[in-house]
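# Breakdown of the fold
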Amino acid sequence: MISQEELKAAQDKFNKIIEEQLTRIDAMKSEGDFIDYSKKDHIEIGVVGGDGIGPFITKEAQRVLEFLLKKDIESNRVTIRNIDGLTIENRAACHKAIPDDVLAELKECDVILKGPTTTPRKGDKWPNIESANVAMRKELDLFANLRPVKIPEEGVDWTFFRENTEGGYAVGSEGVNVNDDLAIDFTVTTQPGSERIIRAAFDYAQKSGKKKVTVVTKANVIKTTDGKFLDTAKEIAKEYPDVEMDDWYIDIMTAKLVDPKRRQQFKVVVLPNLYGDIITDEAAELQGGVGTAGSANIGKKHAMFEAIHGSAPRMVDEGRAQYADPSSIVKAAGMLLDYIGYTEEAEKLSKALQICSEYEKKVVLTGRSDGGTGEEFANYLMETLSRDDLEEYYSSFNK
Ligand code: IPM
Ligand code: MG
């Protein structure tokens, strides 16, 4: 049996969620367009180390950024600002997913490079505060999570557009324990929220010439929210007659990604938050491990770039943090460069990374003392970037 008070408390919580989401919808409806950073006189890049191996790998990615942007940093077109305080210790002390002063600093930056942050979960030693990732995506309204994955030898070239602010994550920490027997979480899909991510995916498909968008849901079962996402996609597809659209359910999509005969047919994939979370880990693993993929979180006003893996506290506890592989966050730094208009530098970085980690492999990272350190790898990467014959050298591996 449920008491009247318990019922009323649950209903009040639900009312509050509806009101919050309606306010969010109003804000989305009045938001402007994406900023074109290549036209800005000054760009501020915030760098946040995060937890665990985060500060170790982020430091290396920052050195690579400083190397590639040397001239523009000297001329003050670009400033790099280090932002402290997004550590789990400080977040726990403030009892906030992002402490207020840290959030204010983040908002002052145009773009952010962020190391992994520890996400507290029920039962561990930290207070059960919301994930800093999720909070940052919501606070800065970083609604499009772009995760590219490539397996060149198979012709696989996927770009996932994961919705980043809605679904099971929108009110992920506001579920209701109605009474001891009944727990309810909520999943949220809004019309403007679906439109903007789906349109971003179609725009990208058109501009990149990939010309095919796969929409992934479970709309046969989750009929209301996933149904809205899929219906919205079908409507938007009509605006892009030269981009093909197909739709898959998440279960069979997950299976098809491990089918080498079928998987190269996918190009641009757009999907709600939780499915995107799961399937991009799977995809990254197929590419060579979650440590190899970068991730861009894009909004209309801000953008944040991060590794897709976690903070690996065990590596720190075992004294191995210096051996952590910075490739994923370096890739994220490459996406950042591309996003703010340094396309050539991003291209060079991507080639140098491939030379260092796939072809030449003079420094191999194992995560242990039998391999190189992240610092050695970054030095090797910068030496490779300095080669006058980088283009030809890269091509020589691709004949
Ligand atoms: C990711 C991560 C996050 C997520 C966690 C750390 C909250 O898994 O970026 O994919 O679930 O979004
Ligand atoms: Mg994830």
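Residues numbered from 1 in each chain as written. Chains lettered and ligands numbered in written order. Predicted model: local features only at pLDDT ≥ 70, side-chain atom pairs only at ≥ 80, totals over all residues. Heavy atoms only, no water.

On to the pattern of salt bridges, then. Tallied over the entire structure, the rule returns 34 salt bridges. Across the pair Arg196 and Asp141 runs a salt bridge, and its minimum N-O distance is 2.9 Å. Taken together, the positions of Arg196 in helix α7 (residues 191-208) and Asp141 in the loop between α6 (132-139) and β4 (144-151) put the pair 55 residues apart, joining distant regions of the chain. Of the residues examined, Arg196 reaches a relative accessible area of 8% and is grouped as buried. The exposure class assigned to Asp141 is partly exposed, which follows from its relative accessible area of 22%. (Salt bridge = Lys/Arg side-chain N within 4 Å of Asp/Glu carboxyl O. Helix = DSSP H or I, 4+ residues; strand = E, 2+ residues; numbered from the N terminus. Buried < 20%, exposed > 50% of the residue type's maximum accessible area, 1.4 Å probe, protein only.)

Attention now moves to the sheet that holds strand β8 (residues 212-217). Ordered in space as β2-β1-β3-β12-β11-β4-β5-β10-β8-β9, the ten strands form an open sheet in which the pairing is mixed. Of all the strands in the sheet, the pair left with one neighbour each is β2 (78-83) and β9 (244-249). Here the average twist between neighbouring strands, direction ignored, is 20°. Note: strand β3 (residues 111-114) against strand β12 (residues 303-307), four bridges, orientation parallel. Opposite Val111, over in β12, you have Ala303 as the bridge partner. (Pairing = 2+ DSSP bridges. Axes fitted to C-alpha atoms, helices over the stretch in contact; angles between N-to-C directions.)

One can read the domain layout of the protein chain as domain 1 (33-142 + 299-399) and domain 2 (146-164 + 180-291). A straight line from the C-alpha centre of domain 1 to that of domain 2 covers 25 Å. Facing the ten residues of domain 1 at the interface are twelve residues of domain 2. Taken together, both faces of the contact between domain 1 and domain 2 bury some 960 Å²; the carbon and sulfur share is 48%. Three residues, Arg137, Ile308 and Met335, lead the burial of domain 1 against domain 2; their summed loss comes to 51% of the area buried on that side. Where domain 1 touches domain 2, the interface holds one salt bridge. (Domains from an automatic or database assignment. Contact = heavy atoms within 4.5 Å. Buried area = accessible area lost by both parts, 1.4 Å probe.)

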